Amino acid sequence: DYRTLLRKVARLPLLRRLIGVQLELPLSAAAIATLLSSPHLTGLRELDLRPVRFDPETVETVLAWPGCSRLRSLSLRSHREAPGVISRLTASDNLHDLEDLSIHAARLVRRDLAALSHAPHLPALRKLDLGHNQIDNEGFGALLEGSLLGQIEELNLPGNRIGDKSAWIGAD
């Protein structure tokens, strides 16, 4: 079972050397909490959870982790809309040192992009990757509304519908 294995891994002192973790397993929030409970992950700066289900429970698990405030890079993927998750993520003051945020395939809607564009607790964010989120022109407009893009040095939006003529149908 993954949780038993992750408990053993979490006890390994060699985890102190890690600055990044990329999980290639579709783990539950409870399994992630087991790994993040390690007292040895003090040097972790990059957390890639793309194979993990991106839902409110997973986000709460990451935000509750004491090492969250030390993260410089966070990668997430959903494969479905996750209402309220982006708002919770961007409202957290635990990500103040985050420089790189990647949210893939989360089907971000206008509300999510507006929350992201007005995020008050992401002052260090410089790289934003929102690939494959079905962002249309209206959603992109919401992203432009806030001050966040003024600090971004690298913006990646591949696989979205920005500029797609079908996205303009019904737009004012």
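Residues numbered from 1 in each chain as written. Predicted model: local features only at pLDDT ≥ 70, side-chain atom pairs only at ≥ 80, totals over all residues. Heavy atoms only, no water.

Student: Can you lay out the confidence of the model for the protein for me, pointing to particular residues and giving the numbers?
Tutor: For the protein, mean pLDDT is 89; residues scoring 70 or higher make up 92% of the total. Per-element confidence in the protein ranges from a low mean pLDDT of 48 for helix α7 (residues 165-168) to a high of 97 for strand β5 (residues 127-129). Here residues 166-172 is modelled with pLDDT under 50, and outside its nearest four sequence neighbours on either side it reaches 6 contacts, counting other chains as well. (pLDDT = per-residue confidence, 0-100. Helix = DSSP H or I, 4+ residues; strand = E, 2+ residues; numbered from the N terminus. Contact = heavy atoms within 4.5 Å.)

Student: Describe the side chain of T58, with residues and values.
Tutor: You can see T58 is positioned in helix α3 (residues 56-64). On the basis of relative accessibility, which here comes to 3%, the residue T58 falls in the buried class. Setting aside residues up to four positions removed in sequence, T58 forms contacts with A29, I32, V52 and R53. (Buried < 20%, exposed > 50% of the residue type's maximum accessible area, 1.4 Å probe, protein only.)

Student: Could you give an account of unusual backbone geometry, naming the residues involved and the relevant values?
Tutor: In this model, H132 sits at a positive phi of 60°, which is unusual for a non-glycine residue. Here H132 lies in the loop between β5 and α6 (137-145). Assessed through its relative accessible area of 45%, H132 is described here as partly exposed. The phi torsion at Q134 lies on the positive side, around 60°, for a residue other than glycine. According to the relative accessible area criterion, Q134 is partly exposed, its value standing at 47%.

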